[in-house]
Every structure is written in structure tokens, then in C-alpha cells.
2 protein chains.
Amino acid sequence: MVKNIKRPRGRPRTFSEGDAIDMATKVFWAKGFDGTTIDDLVEGMGVRRPSLYAIFGDKSTLFMRCLVAYRENKGKLAEGVLFGPNDVHEAIRSLLRFAVKSATDHNSPSGCLMICVAPLMDDENVRRFLATANEETTAAVARRLKQGIEAKELPVDFPCEERSRMLLDMSRGLVVRAKLGVTRQKLLDDADRAAELILRGQ
Amino acid sequence: MVKNIKRPRGRPRTFSEGDAIDMATKVFWAKGFDGTTIDDLVEGMGVRRPSLYAIFGDKSTLFMRCLVAYRENKGKLAEGVLFGPNDVHEAIRSLLRFAVKSATDHNSPSGCLMICVAPLMDDENVRRFLATANEETTAAVARRLKQGIEAKELPVDFPCEERSRMLLDMSRGLVVRAKLGVTRQKLLDDADRAAELILRGQ
DNA sequence: CGAATATAATACCATTCAGTTCAAAAATCC
DNA sequence: GGATTTTTGAACTGAATGGTATTATATTCG
């Protein structure tokens, strides 16, 4: 029963909506919002101008969709790493390494859409989204650290909230350096040392 | 002898070159390179279009001048803090606090030109400048940490280079959060804790 | 097959943009 | 005072940009 998806009425699309969003994301990620033209998007997404406007709305609306999809993708992967089977030390180390790998992946632009691109935008929706995402991510990392306390992997007085903020600040710093062209290997080494310091304090 | 500055030949300028660069810097800092139009600069700098082009060159050239001036200004201030009369712990703490204060100053845009704006630019000169600045700043902080070892304020085996990179990554994270709208007070508290952790490992 | 529907493809439009031209104005030099 | 120099001020230009209108094409439904 593969043919369960009933074809819609009119002429079929030549692209998948999800793929198009992913491609648009890469364009914005590489060039920034203001640096991206509609023609860049048309070329990058493989979607013609009128279809682009009809299906995704204007440039700001499209960016917002990209941002939401980006956070969902990266968030799921990060959560998998953070709440996987590893102990807390390995989980945190892997989280920082994941940030570095994502920011230095040669199959996508360097840096991070939510750190290097979106914060510069003059858009209330974007601002709110980023602020909320920051709070939620901080809370998630803090939750994982608390689990580490419960598992006796961290001292009972470990300052989870504070160290969670530090971890995320650290990852932002590593990601910005990735954007500056520092190599993946150097950043991965620094990520390991940062995890070590933040968790064990040495 | 105040009148020692001989007036140049033609019609006098209605602006100071240095002030104009400072104002242009604020415009780029707030809106990003691609988000800034020449009209924004004309309005922000108080310099008319033809004068702007005649004196400062095109938009990219002007940006580069702003970037150099920005680094010189902030760099001098940061150096004063870092190599001032304080012990190494206070110096490092003050350095992080300086970054936070600069990124949350209500008299200038939030964030940092060299962290939030310039890395996004597709310009080889800018890239080289940022990479060099990063290396030089890392080296300067490491030098200050080594002085701390010599002054017996840090253990002899203190990993100066590594911790210097961590400190700067941390400051980048704090600055990005400033751009997201986190309050100065919260960031200052986190800066204090970060300095504590990075220097004393707890 | 013919009507209906949805996308593709092309061309178009008004606006904005980076950068320029040129006459008028304000100063110094001789 | 007249020539010279430099900036100002306003208007101009060609290209690029965000967004749209229109027609052609591919598909389903009856």
C-alpha cells in the first residue's frame, strides 16, 4: 500500500515543501536575511518566484518558517545527544561537540542560523522566538544536569542553572569562532576542555 | 596658541571625520552591513552622499574603516582593564564585565560589531581582520594570565592559552545573549561566575 | 473528453539602492 | 578682488530588488 497518498488536484509540484525550506534555510544561513535576495532563494530552493510567494509568503514569513524548522531539526538532534544513554559528563561533552560539528559541517554553511544570523534581524517575532528558544534550551540542559545529580554523577550542590547558561554561552563562542574559520579539530578540542571545566571545575 | 591648526584651503567641512566614522559604526552595528543603506549612513553620519563617497570611499571601504576604528577603541579600553593595576583574577573578571557593559550600553547598539555583524560578511579583508584580531586578543589574554602565574596568583601549571580561548568564547556567548535582550545585570552576574570558574576551576 | 484546479514559466512593475554628476557656496591664496 | 580649492546640496542614473500579473501546462474529477 505505497500509493496511499492521494495526489492533489492540479499540476504537480516539482519540489517538496520540506526540501525547499531546507534549501532556503541554507541560503539565509550563508548570506543572512538582508544579504539574501529573492533570486538567491529561487535559485537555491528550485522554486520559481510566483510559487515561492504563493506557497511560502513573503521573505520575512519564509525566514520565520526556516527558523522554526531549523530549531526543530537541530533541537531534536541535540536532545538526542543530551538525553541519550550516556552519563552526564559524556552527554554535555557530546552536546558541545554537536554544536561544533554542526557549525563546521561542510555540507551546510558555517556558523549557526540562530546565533550568527537571526539575532541581527529587526523583527519582533524573531526576537521573541530567539528569547524563548534560549530559555527553553537553558532549561533543558539544566534538567539534564539535575539528572546527573540524581545519578550521583555530579555533586548534590552542583549549580545546574548557572552552569547550563555557561555551557550555552560557551557553545555560542565556539560557533562564532567556527564562523571565523577556526578548524573543526581545534574547536572540538576546546569543546572537550570546556565540558571538562564546566562539569568538574578543573 | 590655540589657533595652531591651519585651516585647509576650500570650503570647510560641516563634520569631523572621526565623529562621522563613529556614527557610521553605530549604524552598521545596529543594522548590519547588508541592512544598512547609504541613506541610513547619510542620515546617521550627517555627511552628504558626495562627501561620503569622496572622503570615505564606497560602502565596503567605509565599513572596513569602522571595523578598524571599533577594534582600536574597544581594544584600548579592554587592554586598560586587562593590564591595569588589578590582580589577574580581578583583571579577567573586569574584562568579561567590560564586554557585557559594552554590549548592553544604552548609548550604542546592543551586541558587538565584531561578533554579531562582521562575521556574516562575505569579504576577504573582513575575514582576515577578524581572524587576526581573534588571534591577537587570545594572545594578549594569555599573556596576562602568564603574568598571573609569575605573580603567584595562579598555579604554575595554569593552562593560559586554553583558558584564554575559553574566556573569549565565554564573552562571545554573553555578548550574543545581550543581543537577544538578556539584561545587563543578569549578564554581569554570569560574567562574574564565568571568571571565577575559568580562573579557579570552581 | 471537457471542466476544474493548481503549479510552472515568463514577463512585468514600482521602488529602492549604490554610486555619480554638476552647479552653487564657502573658504584660502596671491 | 579674482583665481583656486574643497565641500555642499540636489538632482540624476542604471541596476537590482521585492513583489505581482498573466499565460501556458500538467494533472484530477465527472
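Residues numbered from 1 in each chain as written. Chains lettered and ligands numbered in written order. Predicted model: local features only at pLDDT ≥ 70, side-chain atom pairs only at ≥ 80, totals over all residues.

Here the focus is the overall build of chain A. Check the secondary structure of chain A and you find nine helices and zero strands. Each principal axis of the C-alpha distribution contributes one length, and for chain A these read about 60 × 45 × 35 Å. Residue burial in chain A is summarised as follows: out of 202 residues, 39% are buried. (Helix = DSSP H or I, 4+ residues; strand = E, 2+ residues; numbered from the N terminus. Buried ≥ 20, exposed ≤ 12 C-beta atoms within 10 Å, placed from the backbone.)

Neighbouring residues of DNA strand D: 25 residues in total, closest R11 and T37 of chain A together with G10, R11 and S51 of chain B. Contributions of two or more residues to the surface near DNA strand D are made by α2 (38-45) and α3 (49-56) of chain A together with α3 (49-56) of chain B. (Near = placed C-beta within 6 Å.)

Once that is clear, we can look at the protein's contact with DNA strand C. The local shell around DNA strand C holds 25 residues, among which G10, R11 and S51 of chain A together with R11 and T37 of chain B are the closest. For the surface near DNA strand C, the secondary structure elements donating two or more residues are α3 of chain A together with α2 (38-45) and α3 of chain B. The biggest single contributor to the surface near DNA strand C is α3 of chain A, with four residues. Broken down by class, the residue content of the surface near DNA strand C amounts to eight nonpolar, five polar and twelve charged. (Nonpolar A, V, L, I, M, F, W, Y, C, P; charged D, E, K, R; others polar.)

We now examine unusual backbone geometry. Its identity is not glycine, yet K152 of chain A carries a phi of approximately 60 degrees, on the positive side. The exposed category is assigned to K152 of chain A, around which 8 C-beta atoms lie within 10 Å.

Turning our attention to helix α5 (residues 88-103) of chain A. All names here are of chain A. With 16 residues, α5 extends 23 Å between its outermost C-alpha atoms, agreeing within 8% with the 22 Å of an ideal straight helix rising 1.5 Å per residue. Within the span of α5, buried status applies to V88, A91, I92, R93, L95, L96, A99, V100 and A103. For α5, the secondary structure elements touched by its buried residues are α4 (59-82), α7 (124-150), α8 (160-179) and α9 (184-200). (Expected span 1.5 Å × (residues − 1). Contact = placed C-beta atoms within 7 Å.)

Attention now goes to the interface of chain A and chain B. Every contact between the two is made by 34 residues of chain A and, on the other side, 32 residues of chain B. Per-element accounting of the side of chain A that touches chain B gives the leading share, twelve residues, to α8 of chain A. Each residue belonging to the side of chain A that touches chain B can be placed in one class, and the counts come to 16 nonpolar, eight polar and ten charged.

This part covers the packing of helix α5 (residues 88-103) of chain B against helix α9 (residues 184-200) of chain B. Residues and elements named next belong to chain B. In contact at an axis separation of 9 Å, α5 and α9 are set at 150 degrees when each is read in the N-to-C sense. The orientation of α5 relative to α9 falls into the category roughly antiparallel. As α5 packs across α9, the resulting crossing turns out to be right-handed. Residues H89, I92, R93, L96, R97, V100 and K101 of α5 lie in contact with α9, whose contacting residues are R184, L187, L188, A191, D192, A194, A195 and L199. Across the contact of α5 with α9, the residue classes break down as nine nonpolar, one polar and five charged. (Axes fitted to C-alpha atoms, helices over the stretch in contact; angles between N-to-C directions. Parallel < 35°, antiparallel > 145°, perpendicular 65-115°, else oblique. Left-handed = near helix turned anticlockwise from the far one by under 90°.)

It is worth spelling out the environment of H89 of chain A at this point. All names here are of chain A. By the secondary structure assignment, H89 is in helix α5. When the C-alpha atoms of H89 and G148 are compared, they prove to be 8.2 Å apart, with 59 residues separating the residues in sequence. In contact with H89, not counting residues within four places along its chain, are E153 and L199.

Let us now look at the nonpolar core. L96 of chain A together with L96 of chain B are the most contacted members of the largest nonpolar core, which totals 114 residues. Those residues within four positions of L96 of chain A in sequence are excluded, and the remaining contacts are M170, S171, L174, A191, A194 and A195 of chain A. (Core = buried A, V, L, I, M, F, W, Y, C linked by C-beta atoms within 7 Å.)

This part takes up the relation of the copies chain A and chain B. Aligned on chain B, chain A shows an RMSD of 0.1 Å; the corresponding rotation is 180 degrees and the shift along the axis is 0.0 Å. Between the two chains, the operation in question is that of a two-fold axis. For chain A, the smallest separation between a C-alpha atom and the rotation axis is recorded for G201 of chain A, amounting to 2.1 Å. Take the interface residues of chain A: 94% of them recur as interface residues in chain B, which is what a same-surface contact looks like. (Least-squares fit on C-alpha atoms with pLDDT ≥ 70 in both.)

What follows covers α9 of chain B. Taking 1.5 Å as the rise per residue, α9 of chain B with 17 residues should run 24 Å; its terminal C-alpha atoms sit 24 Å apart, in good agreement. Those residues of α9 of chain B that sit buried are L187, D190, A191, A194, A195, L197, I198 and L199 of chain B. Each element contacted by the buried residues of α9 of chain B is listed here: α8 and α9 of chain A together with α5 and α8 (160-179) of chain B. Following α9 of chain B by one or two positions, G201 of chain B adopts a phi angle in the positive range, close to 65 degrees.

Below, the discussion takes up the packing of α5 of chain B against α8 of chain B. All names here are of chain B. At their nearest, the axes of α5 and α8 sit 9 Å apart, and the two run at 25 degrees to each other. Judged by the inter-axis angle, α5 sits roughly parallel to α8. Crossing of α5 against α8: the hand is right-handed. Residues I92, L96, A99, V100 and A103 of α5 pack against L167, M170, S171, L174, V175 and A178 of α8. Classifying every residue of the contact of α5 with α8 by side-chain character gives ten nonpolar, one polar and no charged.

Residues and elements named next belong to chain B. Along the chain, D192 turns up in helix α9. Exposure remark for D192: the 14 C-beta atoms within 10 Å place this residue in the partly exposed category. Taking the C-alpha atoms as reference points, D192 and F129, 63 residues apart in sequence, are found 29 Å from one another.

Any functional reading would require information beyond the geometric quantities listed.
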